[in-house]
Amino acid sequence: MSGVYAIRPAERSDLEGIREILNHFIRTSDATLDYDEKSEADMESWYKAHNDRYPVYVCHEESGRVVGYASLSPFAARAGYQASAEISVYVRKEAQARGTGIALCERMTSLGLEIGFTAITAIMTSTNKPSIRMVEILGYQHTGSLRNIGAKFGRPVSLEIYQIYPQ
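Read on for an overview of the structure.

## Observations regarding the packing of aromatic side chains
Applying the stated criterion across every chain, the model contains 5 aromatic pairs. A network of ring pairs unites the aromatic residues F25, W46, Y69 and Y90 as a single cluster.

## Here we look at helix α3 (residues 100-115)
The periodicity of an α-helix, 3.6 residues per turn, causes residues three or four places apart in sequence to face the same way. Between its terminal C-alpha atoms α3 stretches 23 Å, which fits the 22 Å expected from 16 residues at 1.5 Å a residue. Those residues of α3 lying buried are T100, G101, L104, C105, M108, T109, L111 and G112. Around the axis of α3, the buried residues are gathered within 165° of arc, so they sit on the same side. Phi for G116, located one or two positions after α3, is positive at around 105°.

## Structural notes on the packing of helix α1 (residues 15-28) against helix α2 (residues 40-48)
Closest axis-to-axis distance for the α1/α2 pair is 10 Å, and the angle between their directions is 110°. By the angle between their directions, the pair α1 and α2 is classed as roughly perpendicular. Mapping the contact onto sequence places L15, E16, I18, R19 and L22 in α1 and E40, M43, E44, W46 and Y47 in α2. Considered class by class, the residues forming the contact of α1 with α2 number 6 nonpolar, no polar and 4 charged.

## Describing the side chain of S71
With respect to the helices and strands, the residue S71 is situated in strand β3 (residues 66-74). In this structure S71 touches W46, H50, P55, V56, E86, I87, S88 and M108, once residues within four positions along its chain are discounted.

## Examining the pattern of salt bridges
Counted by the stated rule, this structure contains 7 salt bridges. With a shortest N-O distance of 2.7 Å, R12 and E44 are connected by a salt bridge. Of this pair, R12 sits in the loop between β1 (4-9) and α1 while E44 sits in helix α2, and the two are 32 residues apart along the sequence. Judged by its relative accessible area of 46%, R12 is partly exposed. According to the relative accessible area criterion, E44 is partly exposed, its value standing at 23%. With a shortest N-O distance of 3.1 Å, E16 and R19 are connected by a salt bridge. Note that E16 and R19 are positioned in helix α1 at a spacing of 3 residues, about one turn of the helix.

## Some points on the nonpolar core
Core analysis: the largest hydrophobic core is formed by 26 residues, its most contacted members being I87, V89, C105, V135 and Y140. Elements with a contribution of two residues or more to this core: β2 (56-61), β3, β4 (84-91), α3, β5 (119-125), α4 (129-137) and β7 (155-164). Residues in contact with I87, not counting those within four places in the same chain, are S71, L72, C105, M108, T109, I120, T121, A122 and Y140.

## Structural notes on unusual backbone geometry
Although it is not a glycine, N148 sits at a positive phi angle of roughly 50°. Secondary-structure assignment places N148 in strand β6 (residues 141-152).

## Comments concerning the packing of α3 against α4
At a closest axis distance of 10 Å, the pairing of α3 and α4 adopts a crossing angle of 50°. Comparing the axis directions of α3 and α4 gives the class oblique. Here the hand of the crossing between α3 and α4 comes out right-handed. For the pair formed by α3 and α4, the contact residues are G101, I102 and C105 on the first element and M134, V135 and I137 on the second. Each residue belonging to the contact of α3 with α4 can be placed in one class, and the counts come to 5 nonpolar, 1 polar and no charged.

How each quantity is defined
- The numbering scheme is per chain: residues are counted from 1 as the chain's sequence reads.
- Local features are withheld for residues below a pLDDT of 70 in this predicted model, meaning they are given only at 70 or higher, and side-chain atom pairs are given and counted only at 80 or more; totals for whole chains, interfaces and linings count all residues.
- The side-chain quantities take in all heavy atoms of the structure and omit both hydrogens and water.
- Any two of the Phe, Tyr and Trp rings considered here, Trp counted by its six-membered ring, make a pair once their centres fall within 6.5 Å; the pair's planes then place it as stacked at under 30 degrees, edge-to-face at over 60, or tilted in between.
- Strands here are runs of E lasting at least two residues and helices are runs of H or I lasting at least four, both read from the DSSP assignment and numbered beginning at the N terminus.
- Take the number of residues in a helix, subtract one, and multiply by 1.5 Å to get its expected span.
- Here the term buried applies to any residue with accessible area under 20% of the maximum for its type, exposed to any over 50%, and partly exposed to those in between, with areas from a 1.4 Å probe on protein chains only.
- Directions drawn from the helix axis to the C-beta atoms are what define this arc.
- The convention used is that axes are lines fitted to C-alpha atoms, helices contributing only their stretch in contact, and that angles between N-to-C directions extend from 0 to 180 degrees.
- Oblique is the label for every angle not falling under 35 degrees (roughly parallel), over 145 degrees (roughly antiparallel), or within 65 to 115 degrees (roughly perpendicular).
- In this analysis, two residues are considered to be in contact whenever any of their non-hydrogen atoms come within 4.5 Å of each other.
- The nonpolar class holds Ala, Val, Leu, Ile, Met, Phe, Trp, Tyr, Cys and Pro. Asp, Glu, Lys and Arg form the charged class, and all remaining residues, Gly among them, are polar.
- Within this document, salt bridges are pairs made up of a side-chain nitrogen of Lys or Arg and a carboxyl oxygen of Asp or Glu, the two lying within 4 Å of each other.
- For this analysis, a nonpolar core means a set of buried residues of the types Ala, Val, Leu, Ile, Met, Phe, Trp, Tyr and Cys, connected via side-chain atoms within 4.5 Å.
- In this scheme the handedness of a crossing depends on how the near helix is turned from the far one: anticlockwise by less than a right angle means left-handed, clockwise means right-handed.

Written out as structure tokens, the structure is:
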């Protein structure tokens, strides 16, 4: 892997790289509880649902290859939840443990607080220790757990909830 070059707002041309990363996690881990890989059409719809309030950023190498992405999304569909956002961060395996995830998470957290969200929530599987460490380093507080709330690969999955609030 060459050096990471930049973090910037995602563009339509980044969707294939984002899709590759997400589909890898769908196939190989419980970091997402999705079972079905995302199509190009799925990613197009996902991208259209993001905007200035709910941005998507990518981290890419000098060559332009996307090595990670982060997004803010609505926490839930009901109008009252629009005061908050849920953060997601995914990084290619070969770019992990190099600060890529922390840089993306820090950027999205700052953006979310600048936008004015009352809270940014990170919801991770309890087995996802690197992501838990990442949000803890950035000041997110553990606010709850959902035990055996999901399943993947034939076993129950628990979720850990972390949140950060404006200072």
